Amino acid sequence: MTYKGATYKLQLWDTAGQEKFKSLVPNYIRDAHCAVFVYDIARAETFRSIDSWVELFRNYKNDQAVMILVGNKADMGVGR
């Protein structure tokens, strides 16, 4: 994508919060400038697990990287 004369590369990796993918994450986030952490608003355990993913990102990220937290599935209704 090009924006204001600069080219940006966007890669989205959906690990579905699975622990088996944590060993692969450092390879993909080392040069990342941004991370979007998504949790299911109807499942509290998905929110609680965000801390471990944020910590992993902090250990390997670019110093100028930005982190964004997004609550997902609002359209599904909380607690369904």
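Residues numbered from 1 in each chain as written. Predicted model: local features only at pLDDT ≥ 70, side-chain atom pairs only at ≥ 80, totals over all residues. Heavy atoms only, no water.

1. Quick word on the environment of Asn27
Right, on to step 1. Relative to the assigned elements, Asn27 resides in helix 1 (residues 25–29).
Right, on to step 2. The exposed category is assigned to Asn27, whose relative accessible area is 56%. (Helix = DSSP H or I, 4+ residues; strand = E, 2+ residues; numbered from the N terminus. Buried < 20%, exposed > 50% of the residue type's maximum accessible area, 1.4 Å probe, protein only.)

2. Digging into the packing of aromatic side chains
Right, on to step 1. The tally for this structure, following the rule as stated, stands at 2 aromatic pairs.
Right, on to step 2. Between the aromatic rings of Phe37 and Phe57, the centroid separation amounts to 5.9 Å while the plane-to-plane angle is 80°, which identifies the pairing as edge-to-face. Placement of Phe37 in strand 3 (residues 34–40) and of Phe57 in helix 3 (residues 50–60) is noted, with a sequence separation of 20 residues between them. Taken as a pair, Phe37 and Phe57 share a single burial class, namely buried.
Right, on to step 3. Summarising the aromatic geometry, the rings of Tyr39 and Phe47 are spaced 4.9 Å apart at their centres and angled 65° between planes, so their arrangement reads as edge-to-face. (Phe/Tyr/Trp six-rings, centres within 6.5 Å; stacked < 30°, edge-to-face > 60°.)

3. Observations concerning the nonpolar core
Right, on to step 1. Core analysis: the biggest nonpolar cluster contains 12 residues, these being Val25, Ile29, Ala32, Ala35, Phe37, Tyr39, Ile50, Trp53, Val54, Leu56, Phe57 and Ala65.
Right, on to step 2. Elements that contribute at least two residues to this core include exactly helix 1, strand 3 and helix 3.
Right, on to step 3. At 5 residues, helix 3 tops the list of elements feeding residues into this core.
Right, on to step 4. Leaving out residues up to four positions away in the same chain, Ile29 has contacts with Leu56, Phe57, Tyr60 and Lys61. (Core = buried A, V, L, I, M, F, W, Y, C linked by side-chain atoms within 4.5 Å. Contact = heavy atoms within 4.5 Å.)

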